[in-house]
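A structural walkthrough
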Amino acid sequence: GACTAGTILRRDVFEKVGGFDEHYFYLVEDVELSMRIHLAGYDVVYEPALKTYHLESQAMGKDTARKWYLLRRNSLMAIAENMPLMFIVKVLIIIILREVLLRSVIYFLLTRIWKRKLSLPQETKDYLKVLHYFWVNLQRIINKRKKFNTVRIKHRRYLIRI
């Protein structure tokens, strides 16, 4: 995908694929846009001779925990909105089994062994919030996929190959 800090994009393509999705705030919005551009039959080309200088955004300041949550949330949303359904199912299974259940079991066992209360890892808390966000927004995701099908030319499996 293209990093929007140094992207040149035709306006007609940008408008055809629906532009930036307002549900993304900070991180992954450019990758998600690139996914839709690919699926609409256009190429996203990297030009190594192009040089841009991009100072880190001040939109989030120093809130690293929030950045990690948004990265996890927006990555799942980009996958859910653009990838093939079986790929989405696999990703959800991995998140639920590894990031939530396994970490929760380890947390539970450690609290019993050490006989003191521990806090769930921030990653696990993030993934629980991400899964909740996914569930709450499921109908919106389905509607976006259906609407985008009117301009989509390539099969969603194409994204896995590239």
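So, here's what we can say about the structure. Quick caveat: nothing in here was measured; it's all calculated off a predicted structure.

Here we look at the packing of aromatic side chains
In the structure shown here, the tally under the stated rule is 1 aromatic pair. Plain terms: the ring middles of F14 and F20 are 5.5 Å apart, the flat faces sit at 70 degrees to each other, and that makes the pair edge-to-face. On the accessibility criterion, F14 (26% relative accessible area) is partly exposed. Take F20: its relative accessible area is 41%, and that puts it in the partly exposed class. The ring of Y133 carries the charged tip of R73 above its face, separated from the ring centre by 4.5 Å. Here K129 stacks its cationic end above the ring of Y69, 4.7 Å away from the centre of that ring.

Section: the nonpolar core
In this structure, L76, M77 and F134 are the most contacted members of the largest nonpolar core, which totals 32 residues. Contributing elements (two or more residues each) for this core: α2 (29-39), α3 (64-82), α4 (85-114), α5 (122-136) and α6 (138-148). Here this core takes 7 residues from α3, the largest share from any one element.

Some details on the environment of Q122
Among the structural elements, Q122 can be located in helix α5. For Q122, a relative accessible area of 42% puts it in the partly exposed group. Along the backbone, Q122 and A65 are 57 residues apart, and their C-alpha atoms lie at a distance of 8.1 Å.

Side note on the pattern of salt bridges
Following the criterion strictly, the structure yields 13 salt bridges and no others. Residues R10 and D12 are paired through a salt bridge, measuring 2.8 Å at the closest nitrogen-oxygen approach. With a relative accessible area of 44%, D12 lands in the partly exposed category. Notably, a salt bridge pairs E81 with K144, separated by 2.7 Å at the nearest N-O pair. You can see E81 sitting in helix α3 and its partner K144 sitting in helix α6, a full 63 residues away along the chain. Each member of the pair, E81 together with K144, is buried. Where salt bridges share partners, they join D21, E32, R36, E81, R140 and K144 into one cluster.

Thoughts on α5
Spanning 15 residues, α5 covers 21 Å between terminal C-alpha atoms, matching the ideal 21 Å at 1.5 Å per step. Listed as buried for α5 are T124, D126, Y127, V130, L131, Y133 and F134. Buried residues in α5 make contact with α3, α4 and α6.

What counts and how
Residues numbered from 1 in each chain as written. Predicted model: local features only at pLDDT ≥ 70, side-chain atom pairs only at ≥ 80, totals over all residues. Heavy atoms only, no water. Phe/Tyr/Trp six-rings, centres within 6.5 Å; stacked < 30°, edge-to-face > 60°. Buried < 20%, exposed > 50% of the residue type's maximum accessible area, 1.4 Å probe, protein only. Lys NZ or Arg CZ within 6 Å of the ring centre and 35° of its normal. Core = buried A, V, L, I, M, F, W, Y, C linked by side-chain atoms within 4.5 Å. Helix = DSSP H or I, 4+ residues; strand = E, 2+ residues; numbered from the N terminus. Salt bridge = Lys/Arg side-chain N within 4 Å of Asp/Glu carboxyl O. Expected span 1.5 Å × (residues − 1). Contact = heavy atoms within 4.5 Å.

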